[in-house]
Amino acid sequence: MRVAIATDHAAFALKQELKAWLNEQGHAVLDLGTDGTASVDYPHYGRKLAEALAAGQAERGIALCGSGIGIMIAANRHPAVRCALVSEPLSAALARSHNDANAIALGARLIGLDMAKRCVATFLATDFLGGRHAARVDMLKEPV
């Protein structure tokens with residue numbers, strides 16, 4: 001699968017670990033930055049992730065920052081993105097199966113590497129259930 005990953009400085013180390021692990025799993029990874037631990041603004045990277053998903057450069061996205069919250073909000077400002085903040089595999093599975101999330105956000109200061117891998121693996125392996133959930137997901141496309 002083609003997976004885009006974007007982070008701010010607070011989650012740079014987690015991004016590097018996840019990127020290597022995703023490559024080992026056979027996924028093609030589009031690294032959207034940042035490229036180090038120097039302070040950067042997470043909205044810029046949330047936007048880059050959203051634009052990559054909207055353009056079809058990746059099938060799924062992983063957004064990382066200290067809490068996962070800021071970059072998730074930034075990514076979700078794009079109408080083509082449904083990014084869910086997850087902290088364990090069940091929320092990752094429900095984000096995909098019920099909400100057809102195309103991205104997840106993880107907080108590097110809140111989640112360890114092993115749990116992050118479990119969340120990502122679940123997210124990538126779970127299909128959208130459709131059915132009764134499809135109409136609800138379609139409602140998300142309507143302006144507020």
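The structure contained in this document is the topic of the report that follows. This structure is a prediction, so every number in the text was calculated from the model and none was measured.

1. Some remarks on the packing of helix α1 (residues 12-24) against helix α5 (residues 113-125)
So, step 1. Packing of α1 against α5 brings their axes to within 11 Å, and their N-to-C directions diverge by 50°. Here α1 is positioned oblique relative to α5, judged by the angle of their axes. α1 and α5 meet at a crossing whose hand is right-handed. Residue-level contacts link Leu14, Glu17, Leu18, Trp21 and Leu22 of α1 to Leu113, Ala116, Lys117, Val120, Ala121 and Leu124 of α5.
So, step 2. Of the residues belonging to the contact of α1 with α5, the class tally is nine nonpolar, no polar and two charged.

2. As for unusual backbone geometry
So, step 1. Cis geometry is adopted by the peptide bond preceding Thr34, which originates at Gly33 and carries an omega value of 0°.
So, step 2. Position of Thr34 relative to the elements: it lies in the loop between β2 (28-31) and α2 (42-54).
So, step 3. Even without being glycine, Asp100 reaches a positive phi, approximately 50°.
So, step 4. Mapped onto the elements of the fold, Asp100 is located in the loop between α4 (89-97) and β5 (103-107).

3. Regarding the nonpolar core
So, step 1. One finds Leu18, Ile62, Leu64, Leu106 and Val120 to be the most contacted residues of the largest nonpolar core, which totals 22 residues.
So, step 2. At the level of elements, β1 (2-7), α1, β3 (60-65), α4, β5 and α5 are the ones that each hand at least two residues to this core.

4. Here we look at the pairing of β5
So, step 1. Most of β5 is tucked away: five of the five residues are buried.
So, step 2. Of the two faces of β5, both are covered, the one formed by Ala103, Ala105 and Gly107 as well as the one formed by Ile104 and Leu106.
So, step 3. Crossover strand β4 (residues 83-85) to β5 through α4 is right-handed.

Cut-offs used in this document
Residues numbered from 1 in each chain as written. Predicted model: local features only at pLDDT ≥ 70, side-chain atom pairs only at ≥ 80, totals over all residues. Heavy atoms only, no water. Axes fitted to C-alpha atoms, helices over the stretch in contact; angles between N-to-C directions. Helix = DSSP H or I, 4+ residues; strand = E, 2+ residues; numbered from the N terminus. Parallel < 35°, antiparallel > 145°, perpendicular 65-115°, else oblique. Left-handed = near helix turned anticlockwise from the far one by under 90°. Contact = heavy atoms within 4.5 Å. Nonpolar A, V, L, I, M, F, W, Y, C, P; charged D, E, K, R; others polar. Core = buried A, V, L, I, M, F, W, Y, C linked by side-chain atoms within 4.5 Å. Buried < 20%, exposed > 50% of the residue type's maximum accessible area, 1.4 Å probe, protein only. Right-handed = clockwise from strand over helix to strand, strands pointing away.

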